[in-house]
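# What the coordinates show
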Amino acid sequence: MMDTIFAPITGRGGAVTVLRLSGPAALAITAALAKNLAPPRHAGLRKLVWRGRLLDTALVVTFPGPNSFTGEDCAELSLHGGRAVLAAVSEALIAAGARPAEPGEFSRRAHLNGRLDLLEAEAMADLIAAETEAQRRLAVEGAGALQQSCARWREELRQVMAQQEALIDFPDEDLPQEVEARLLGRIAALAKEMYRALAAAPAAERLREGLEFVILGPPNAGKSTLMNELAGEDVAIVSAIPGTTRDIVGTRVDFGGVPVHLTDTAGLRDTEDEIEAEGVRRARHRAAKADLIIAVAAAPNPEFLDVPQGIEVLRVVTKADLLVKSVADLAVSAANGAGMAALRTRLTDIAARLTDTKGAAALSRPRQIACVRDTAQALDRALANEEPELRGEELRSAAHALARLTGQIGVEEILDAVFSGFCIGK
Ligand SMILES: Nc1nc2c(ncn2[C@@H]2O[C@H](COP(=O)(O)OP(=O)(O)OP(=O)(O)O)[C@@H](O)[C@H]2O)c(=O)[nH]1
Ligand SMILES: [Mg+2]
């Protein structure tokens with residue numbers, strides 16, 4: 001028999017804490033504290049009393065299974081938000097036979113009861129974690145599009161498999177050539193669509209996790225000043241002394257709804273100073289992993305340093321107020337604000353481009369990418385195989401890989417990996 005579990009499903013510090021109970025004893029335990037319950041899904045204001053002690057006055061709602069978040073009997077208690085209230089009620093619930101939920105346990109039960117597939121569970125986690133508008137849209141719209149693609153792929157694969165089976169049953173000599181050609185065409189088209197989604201996956205992944213922009217350049221070029229300007233706050237120390245910044249200093253900036261982790265680094269130069277040298281090493285290391293390097297050089301004589309190969313670079317001339325002649329690169333001045341709006345627009349455009357999934361199904365997690373890649377590769381093998389039985393076998397292996405995407409095949413390790421990343425109360 002399943003345990004009855006409970007956890008707060010709201011964040012700390014608010015005026016109200018909502019506590020959810022789920023499991024076979026959820027309704028009985030709630031009734032033990034609140035005495036008489038309102039009809040299902042109706043809110044009732046009740047005194048919560050345990051062993052003669054008044055704990056709180058709470059809004060109590062019950063959701064008998066299967067029409068609840070987890071599919072089990074559930075109750076939600078809207079308590080007053082204090083930490084002591086939560087502690088006292090939790091203690092009473094434990095004494096009454098419930099136990100605190102593990103991270104992700106509600107969602108896991110919802111999945112096991114067919115209320116939530118893995119894509120929906122992941123989209124929900126992303127929605128809760130979304131910090132910017134583009135991330136919110138990815139969680140809401142991108143996940144919906146992925147689910148639709150997934151359902152379509154599954155149906156197409158089912159039909160292709162049925163046809164393949166029909167071909168196997170056909171006597172060799174009567175095998176209609178065009179039927180087989182059409183079947184192969186459908187398999188190839190399905191694989192192609194999956195490869196298109198895989199090609200767009202890095203963009204979706206970057207949007208989910210945020211982009212990495214690194215400011216790189218010689219000492220005293222105005223890197224820290226530029227970062228503070230773009231961040232709109234005083235994050236890094238600025239001084240006229242070259243070699244001021246040593247550590248990597250970073251902050252989150254929202255460029256047109258795309259979350260960007262913007263980092264300022266130590267000025268690149270050869271130095272005897274051990275600490276500064278370590279700063280330079282870290283700067284290069286971080287830049288090598290960036291999505292974009294903002295390479296800066298200061299007026300009046302801007303000289304750009306070499307930057308790591310293979311990474312997109314935006315060249316920006318700083319201290320434009322000191323320029324004596326015009327330059328080809330984007331020029332900005334923190335002193336008089338010149339060029340700042342243009343720079344912001346460029347960065348916003350780049351952020352949008354790097355996270356554009358071009359309408360393809362948004363695979364934003366390594367798990368999802370692996371499932372779709374395995375499916376597409378099995379389809380490739382099916383195409384390469386002329387033996388009908390073996391081709392049918394590869395198609396089954398494709399269907400198996402695709403089923404892992406939504407969790408219809410509930411392999412325990414997959415469930416652990418997905419739900420252990422959740423926080424308590426989800
Ligand atoms: N005239 C002018 N001076 C600037 C501008 N931006 C920064 N500075 C000055 O340039 C000096 C260096 O600025 P920082 O932002 O500390 O330069 P940095 O590249 O971070 O330097 P390090 O951390 O030492 O590598 C400071 O004295 C700033 O006030 C600008 O747009 N115009
Ligand atoms: Mg600096």
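Note that the structure is a prediction, hence the values are computed from the model and not measured.

### Here we look at the overall build of the protein chain
Helix and strand counts for the protein chain come out as twelve helices and twelve strands. Computed over C-alpha atoms, the radius of gyration of the protein chain comes to 29 Å, more than 25% over the 22 Å expected from 2.2 N^0.38 for 426 residues, which places it beyond the range of a compact globule. Looking at the protein chain as a whole, 45% of its 426 residues qualify as buried. Residue pairs in contact within the protein chain that sit at least 24 positions apart in sequence constitute 60% of those at least 6 positions apart. Put simply, the protein chain shows about 20700 Å² of open surface, and 53% of that area lies on carbon and sulfur atoms. Distance between charge centroids for the protein chain: 7 Å, based on 48 positive and 58 negative side chains.

### What to know about the pattern of salt bridges
As enumerated under the stated definition, the model contains 28 salt bridges in all. The closest approach of N and O atoms between Arg 109 and Glu 72, which form a salt bridge, is 3.0 Å. You can see Arg 109 sitting in helix H3 (residues 105–112) and its partner Glu 72 sitting in the loop between strand S4 (53–63) and strand S5 (74–80), a full 37 residues away along the chain. Ionic pairing is found between Glu 133 and Arg 136, a salt bridge with its closest N-O pair at 2.7 Å. With Glu 133 and Arg 136 both in helix H5 (residues 133–169) and three residues apart, the pair spans about one turn of that helix.

### What about the sheet that holds strand S1 (residues 5–8)?
The strand order across the open sheet built from six strands is S3-S4-S5-S2-S1-S6, with neighbouring strands paired in mixed fashion. For this open sheet the edge positions go to strand S3 (44–50) and strand S6 (99–100), each flanked by a neighbour on one side alone. Across two bridges, the pairing between S1 and S6 is parallel. Residue pairing across strands places Phe 6 opposite Pro 100, the latter belonging to S6. Those strands touched by H3 are S1, strand S2 (16–22) and S6, and its axis lies near 130° from that of S1.

### As for the coordination of the magnesium ion (ligand 2)
The magnesium ion (ligand 2) binds to the protein through Ser 224 (OG) and Thr 245 (OG1), with metal-donor distances spanning 2.0 Å. Residue Ser 224 is located in helix H7 (residues 223–231), and its partner Thr 245 is located in the loop between H7 and strand S8 (249–255); the two are separated by 21 residues in the primary sequence. Taking the relative accessible area as the measure of exposure, Ser 224 reaches 9% and is therefore buried. The exposure class assigned to Thr 245 is buried, which follows from its relative accessible area of 12%.

### Description of the side chain of Ser 224
Polar side-chain contacts of Ser 224 include one of 2.5 Å to the side chain of Asp 264. Leaving out residues up to four positions away in the same chain, Ser 224 has contacts with Ala 236, Ile 237, Val 238, Thr 245 and Asp 264.

### Quick look at the site of ligand 1
Close to ligand 1 lie 22 residues, the nearest being Lys 223, Ser 224, Thr 225, Gly 243 and Ala 334. Between ligand 1 and Ser 239, the relevant distance is 3.3 Å, taken from an oxygen atom to a main-chain nitrogen or oxygen of the residue. Asp 321 places a side-chain nitrogen or oxygen 2.8 Å from a nitrogen atom of ligand 1.

### Some points on the domain arrangement of the protein chain
According to the domain assignment, the protein chain consists of domain 1 (5–116), domain 2 (123–208 + 365–406) and domain 3 (211–354). One C-alpha centre belongs to domain 2, the other to domain 3; they are set 42 Å apart. Residue-level contacts link eight residues of domain 2 with eight residues of domain 3. Buried area between domain 2 and domain 3, summed over both chains or domains, comes out near 630 Å², and the portion from carbon and sulfur atoms is 52%. On the surface where domain 2 and domain 3 come into contact, there are one salt bridge. On the surface where domain 2 and domain 3 come into contact, there are four residue pairs in polar contact (both at pLDDT 80 or more). For the side of domain 2 that touches domain 3, the secondary structure elements donating two or more residues are H5 and helix H6 (177–209). Taken together, the residues of the side of domain 2 that touches domain 3 sort by class into three nonpolar, two polar and three charged.

### What about the nonpolar core?
With 32 residues, the main nonpolar core has Phe 213, Leu 226, Leu 262, Ile 294, Val 316, Leu 343 and Leu 347 as its most contacted residues. No other element matches the six residues that helix H9 (residues 340–354) contributes to this core. Composition of this core by domain shows at least three residues from each of domain 2 (123–208 + 365–406) and domain 3 (211–354). The next biggest cluster of nonpolar side chains, apart from the first, holds 29 residues, and it includes Val 160, Ile 187, Cys 371 and Val 372.

### Some thoughts on H3
For H3, the buried fraction is high: seven of the eight residues fall into the buried class. Along H3, the residues that are buried comprise Glu 105, Phe 106, Ser 107, Arg 108, Arg 109, Ala 110 and His 111. Gly 114 sits one or two positions beyond H3 and adopts a positive phi of about 75°.

### Some details on the pairing of S3
With burial as the criterion, only one face of S3 is covered, namely that bearing Gly 44, Arg 46, Leu 48 and Trp 50; the residues Leu 45, Lys 47 and Val 49 on the opposite face remain uncovered. Note: S3 against S4, seven bridges, orientation antiparallel. When the bridges of S4 are listed, Lys 47 appears paired with Thr 57. Hairpin geometry of S3 and S4 is characterised by an intervening segment of two residues between the two adjacent antiparallel strands and by a positive phi of about 50° at Arg 51.

Cut-offs used in this document
- Residues numbered from 1 in each chain as written.
- Chains lettered and ligands numbered in written order.
- Predicted model: local features only at pLDDT ≥ 70, side-chain atom pairs only at ≥ 80, totals over all residues.
- Heavy atoms only, no water.
- Helix = DSSP H or I, 4+ residues; strand = E, 2+ residues; numbered from the N terminus.
- Rg over C-alpha atoms; globule rule 2.2 N^0.38 Å.
- Buried < 20%, exposed > 50% of the residue type's maximum accessible area, 1.4 Å probe, protein only.
- Contact = heavy atoms within 4.5 Å.
- Areas by Shrake-Rupley, 256 points an atom, 1.4 Å probe, with all protein chains shown as cover.
- Lys, Arg positive; Asp, Glu negative; His and termini not counted.
- Charge placed at Lys NZ, Arg CZ, Asp CG, Glu CD.
- Salt bridge = Lys/Arg side-chain N within 4 Å of Asp/Glu carboxyl O.
- Pairing = 2+ DSSP bridges.
- Axes fitted to C-alpha atoms, helices over the stretch in contact; angles between N-to-C directions.
- Donors = N, O, S within 2.8 Å, 3.2 Å for Na, K, Ca; no water.
- Polar contact = N/O pair within 3.5 Å; in protein donor to acceptor, adjacent residues only side chain to side chain.
- Near = heavy atom within 4 Å.
- Domains from an automatic or database assignment.
- Buried area = accessible area lost by both parts, 1.4 Å probe.
- Nonpolar A, V, L, I, M, F, W, Y, C, P; charged D, E, K, R; others polar.
- Core = buried A, V, L, I, M, F, W, Y, C linked by side-chain atoms within 4.5 Å.

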